[in-house]
Amino acid sequence: MEDYHKPDQQTLQALRDTANRLRINSIKATTAAGSGHPTSCCSAAEIMSVLFFHTMRYKPQDPRNVNNDRFVLSKGHAAPILYAVWAEAGFLHESELLNLRKIDSILEGHPVPLPNRINKCSKQPSNKTGKEKNSNPHSKYLQGTPEDLKGYRVYCVLGDGELSEGSVWEAMAFAGFYKLDNLVAILDINRLGQSDPAPLQHHVEIYQKRCEAFGWHAIIVDGHSVEELCKAFGQAKHQPTAIIAKTYKGKGITGIEDKENWHGKPLPKNMAEQIIQEIDERIQNKKRLSPAFPQEDAPIVSIRNVRMPSPPNYKMGEKVASRKAYGLALAKLGHASDRVIALDGDTKNSTFSELFKKEHPSRFIECYIAEQNMVSVAVGCAARDRNVVFVSTFATFYTRAFDQIRMAAISESNINLCGSHCGVSIGEDGPSQMALEDLGMFRTIPNATVFYPSDAVSTEKAVELAANTKGICFIRTSRPENAVIYSSNEDFRIGQAKVVFKSKDDQVTVIGAGVTLHEALAAAEQLKKERISIRVIDPFTIKPLDKKTILENARATKGRIITVEDHYYEGGIGEAVCAAVVGEPGITVSRLAVSHVPRSGKPAELLRMFGIDKEAIIQAVKMAVSKSRNAE
């Protein structure tokens, strides 16, 4: 309470009036849309009023200003009241609120990135996006690097329903451990979930104890008292703060307040008109409040064109695991820009991100074994395009964070995820540690780029390309040491495959990546001795896939393609190739992949067991050639 200065009665009344205008516009918008969550909005009205028109410092017409306080609406159902705030602050016309959830409106059912400015004469959003006053549900994150954490604060509104989510408590533990004193979480405890009351209903004292146990300063307030909220937000602490606001779902709506079975239901038009009139009569003054502007103290930075300071330094034939090449490349990239940061989930000695930590300790964030939160932290670090963010863990552990990854894509985030220990080639650790579905998972992410480098040189190039590529990037790295097959001056591009073994008499095109590319090269050498020539392709990126190169070489090898991969059949390289060549006349694809849940064993044994080693490729090639000859 040290820094708290009680607002005068005129200001307090203005905040109450603002809250009621936000209620009215939330009801109007959802009724016009015929869908939405007005009751979820109404419980948060005073919270949003005090936050945006008393506590937060920001420029309404410059939402991407780096000095603005940050706001995260984790309680995504309350999107209409966020849009109402934009209108109240003058960012858009109130009339635009009536276009909520329409196909040509920026105001979607749950928060998404917003334009820098909304064209006042058109419903069409601009292509430029910001994330300043909105976010995706279930994202609690750190924003920026230490040198950025000057004056701004981060405020996150959560609903009590989502407090059953494990990702929330991962974030609470992270923030408490790192004492993120610029972070304030506001828990809107309105008692009611979607289909039932929330587990703790209005036992706010239990929420307080839980937050305190995670290292937070926790304050219980009447969430509909603007004075109590102002006082709570005015407290400065050397730890994150949780404001536990006891509220009522549908507050201010006669006959609906604190009643079940009203979640996600707009008010019928006649009822809405009556309720709006009742709420409007409580408003004493139509004067609008303006937010205070932020302190201009954040440094200007650029993350464009981050390039390696020198070419790769590997010798042809040298054996290096791509997971180690990733760590070396990341540390090297860190010297190119002080905006490169790295996160890991307590696997840094296996992913080799520890090499980055050793050279750039202030830009390394240990997230421990909490992959959902780790991805969310990455999203926060990448917000406002101020950092080049790399995340690493075992590839299989990203399955735990798939929700956060897909929401990162929806939020138009630019994060780079490296997954090591892919496939059965990791050996004795067994199936729980073997990523065999990761390619399928990341291929489904909109606008994602999926790298699968096969040696140290291509891994370093993938890291550099990912640093300069928009959207979600995934780099798949392997545990075994494999020979360097590319020279240091080899040029790599996204969506451009490499033909690594060929002759004019090739009869089959074999496509492999990572360890299976090396098995394919070994098979090619053996087959050459038997006077059977094959062409070997390294796709480099699985998404986008180089369809042109694949088709050209397949046609040069009588239409025969064999794919071989250390991944399940579903969703991997084989399916990607099949999708690329579907409908092309005269093209046949045979696939070699992991067919079922594997077991512990030596890498060579497992590659042989699942028919993805050199010998299996040789047999597949001979079978393809034999079938063709028989057909002739």
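Residues numbered from 1 in each chain as written. Predicted model: local features only at pLDDT ≥ 70, side-chain atom pairs only at ≥ 80, totals over all residues. Heavy atoms only, no water.

An unreviewed UniProt entry lists the chain under the name Transketolase, with Gekko japonicus as the source organism. In its Sequence similarities (unreviewed entry) section, the UniProt record describing the chain reads: "Belongs to the transketolase family." Its UniProt record gives the chain the following Subunit (unreviewed entry) comment, quoted word for word: "Homodimer." (UniProt positions renumbered as here; feature names shortened; annotations may be inferred.)

K.L.:
Honestly, the packing of aromatic side chains in this entry has me stumped. Any pointers?
P.N.:
If you walk through the whole model with that rule in mind, you get 16 aromatic pairs. Ring geometry for Phe177 against Tyr178: centres 4.9 Å apart, planes inclined by 85°, an arrangement best described as edge-to-face. Taking relative accessible area as the criterion, Tyr178 reaches 30% and is therefore assigned partly exposed. Aromatic side chains Phe492 and Phe540 sit 4.9 Å apart centroid to centroid with 50° between the ring planes, which places their arrangement in the tilted category. Of the two residues, Phe492 sits in the loop between β15 (481-483) and β16 (498-501) while Phe540 sits in the loop between β18 (534-538) and β19 (541-543), which places them 48 residues apart along the sequence. Per residue, the accessibility class of Phe492 equals that of Phe540, and both read buried. (Phe/Tyr/Trp six-rings, centres within 6.5 Å; stacked < 30°, edge-to-face > 60°. Buried < 20%, exposed > 50% of the residue type's maximum accessible area, 1.4 Å probe, protein only. Helix = DSSP H or I, 4+ residues; strand = E, 2+ residues; numbered from the N terminus.)

K.L.:
I tried to follow the nonpolar core on my own but got confused; where do I start?
P.N.:
Nonpolar side chains in soluble globular proteins tend to end up buried together. In this structure, Leu343, Ile405, Ile415, Leu417 and Ile472 are the most contacted members of the largest nonpolar core, which totals 72 residues. The biggest single contributor to this core is helix α12 (residues 371-382), with 7 residues. Those residues in contact with Leu417, other than ones at most four positions away along the chain, are Val391, Tyr398, Ile405, Phe442, Ile472, Cys473, Phe474 and Ile475. If you look at the next biggest cluster of nonpolar residues, it comprises 47 residues, including Ala44, Ala79, Ala89 and Ala232. (Core = buried A, V, L, I, M, F, W, Y, C linked by side-chain atoms within 4.5 Å. Contact = heavy atoms within 4.5 Å.)

K.L.:
I tried to follow the environment of Ala87 on my own but got confused; where do I start?
P.N.:
As for its placement among the helices and strands, Ala87 is situated in helix α4 (residues 79-89). For Ala87, a relative accessible area of 7% puts it in the buried group. Put simply, Ala87 and Leu22 are 65 residues apart on the chain and 9.1 Å apart in space, counted from C-alpha to C-alpha. With residues near it in sequence (within four places) discarded, Ala87 still touches Leu92, His93, Glu94, Leu97 and Arg288.

K.L.:
Explain a nonpolar patch on the surface to me, please; I cannot follow it from the model alone.
P.N.:
A surface patch of nonpolar side chains, amounting to about 300 Å² of accessible area, comprises Phe177, Tyr178 and Tyr368. Judged by relative accessible area, which is 39%, Tyr368 ranks as partly exposed. (Patch = residues over 30% accessible without salt bridge, like charges linked within 9 Å, V, L, I, M, F, W, Y side chains within 5 Å. Areas by Shrake-Rupley, 256 points an atom, 1.4 Å probe, with all protein chains shown as cover. Salt bridge = Lys/Arg side-chain N within 4 Å of Asp/Glu carboxyl O.)

K.L.:
Looking at this structure, how should I read the packing of helix α5 (residues 166-178) against α12?
P.N.:
Helix packing for two helices is described by the angle between their axes and how far apart those axes are. With their axes 8 Å apart at the nearest point, α5 and α12 run at an angle of 70° to one another. By the angle between their directions, the pair α5 and α12 is classed as roughly perpendicular. Helix-helix and strand crossings are classified by hand; for α5 and α12 the assignment is right-handed. Where α5 abuts α12, its residues Ser167, Glu170, Ala171 and Phe174 lie against Glu371, Gln372, Asn373 and Val377. (Axes fitted to C-alpha atoms, helices over the stretch in contact; angles between N-to-C directions. Parallel < 35°, antiparallel > 145°, perpendicular 65-115°, else oblique. Left-handed = near helix turned anticlockwise from the far one by under 90°.)

K.L.:
What exactly am I supposed to notice about the UniProt feature "domain: Transketolase-like pyrimidine-binding" (unreviewed entry) in the chain here?
P.N.:
The UniProt feature table records "domain: Transketolase-like pyrimidine-binding" (unreviewed entry) at residues 320-484. Within the segment residues 320-484, helix and strand shares are 39% and 19% respectively, and the terminal C-alpha atoms sit 7 Å apart.

K.L.:
Help me understand the environment of Ser35 in this model?
P.N.:
In this structure, Ser35 sits in the loop between α1 (9-33) and α2 (38-43). Not counting chain neighbours up to four residues away, the residues in contact with Ser35 comprise Thr30, Leu100, Arg101 and Pro266. A polar contact is formed between the side chain of Ser35 and the side chain of Arg101, at a distance of 3.2 Å. (Polar contact = N/O pair within 3.5 Å; in protein donor to acceptor, adjacent residues only side chain to side chain.)

K.L.:
Would you mind going over the pairing of strand β21 (residues 588-594) with me for this structure?
P.N.:
Where strand β20 (residues 560-568) and β21 come together, 6 bridges link them in parallel fashion. Looking across to β21, one finds that Thr563 is bridged to Arg591. (Pairing = 2+ DSSP bridges.)

K.L.:
Is there a simple way to think about the state of the cysteines in this case?
P.N.:
Linking two cysteines covalently through their sulfur atoms gives a disulfide. According to the stated counting rule, one finds 0 disulfides in the structure shown. Of the cysteine sulfurs around Cys230, a residue in no disulfide, the closest is that of Cys42, at 20 Å. With relative accessibility at 2%, the residue Cys230 sits in the buried group. No disulfide involves Cys422; its sulfur sits 9.5 Å from that of Cys418, the nearest cysteine. Cys422 gets classed as buried once you look at its relative accessible area, which sits at 1%. (Disulfide = S-S within 2.5 Å.)

K.L.:
Help me understand the environment of Leu607, please; the structure alone is not making it clear to me.
P.N.:
Tracing the backbone shows Leu607 in helix α19 (residues 603-609). Separated by 41 residues in the primary sequence, Leu607 and Asp566 place their C-alpha atoms 8.0 Å from one another. In contact with Leu607, not counting residues within four places along its chain, are Val424, Ser425, Val515, Glu519, Asp566, Ile612 and Asp613.

K.L.:
Which parts of the structure should I look at to understand the sheet that holds β18?
P.N.:
Sheet strands pair by backbone hydrogen bonding; their relative direction is either parallel or antiparallel. Spatially, β16-β18-β17-β20-β21 is the arrangement adopted by the 5 strands of the open sheet, whose pairing is mixed. A strand with exactly one partner marks an edge of an open sheet, and here the two such strands are β16 and β21. Put simply, the sheet's adjacent strands are angled 25° from each other on average, direction ignored. With respect to the sheet, helix α16 (residues 515-529) is in contact with β16, β17 (508-512), β18 and β20, its orientation differing from that of β18 by roughly 165°.

K.L.:
Even after reading the chapter, I still don't get the sheet that holds strand β5 (residues 183-189), so can you show me in this structure?
P.N.:
Spatially, β1-β4-β5-β7-β6 is the arrangement adopted by the 5 strands of the open sheet, whose pairing is parallel. Edge positions in the sheet fall to β1 (70-73) and β6 (217-222), since each of these pairs with one other strand and no more. Neighbour-to-neighbour, the strand axes of this sheet turn through a mean angle of 20°, independent of strand direction. As paired strands, strand β4 (residues 154-159) and β5 are joined by 6 bridges and run parallel to one another. Paired with Leu158 across the strands is Leu187, a residue of β5.

K.L.:
Quick question: what am I supposed to make of the packing of helix α3 (residues 45-55) against helix α7 (residues 226-233) here?
P.N.:
Between α3 and α7, the least distance of the axes is 10 Å, while the angle of their chain directions is 55°. Considered as vectors, α3 and α7 are oriented oblique to each other. Judged by the twist between their axes, the crossing of α3 over α7 is right-handed. Contacts from Glu46, Ile47, Val50, Leu51, His54 and Thr55 in α3 reach Val226, Leu229, Cys230 and Phe233 in α7.

K.L.:
In this structure, what is going on with unusual backbone geometry? I would like to understand it.
P.N.:
The bulk of non-glycine residues show a negative phi, and the bulk of peptide bonds are trans. Note that the residue after Lys543, namely Pro544, is joined by a cis bond; omega there is 0°. Turning to its location among the elements, Pro544 is positioned in the loop between β19 and α17 (547-556). The backbone phi angle of Glu412 is positive, close to 60°, even though this residue is not glycine. Note on placement: Glu412 falls in the loop between α13 (402-410) and β12 (416-420). Overall, the relative accessible area of 38% leaves Glu412 in the partly exposed class.

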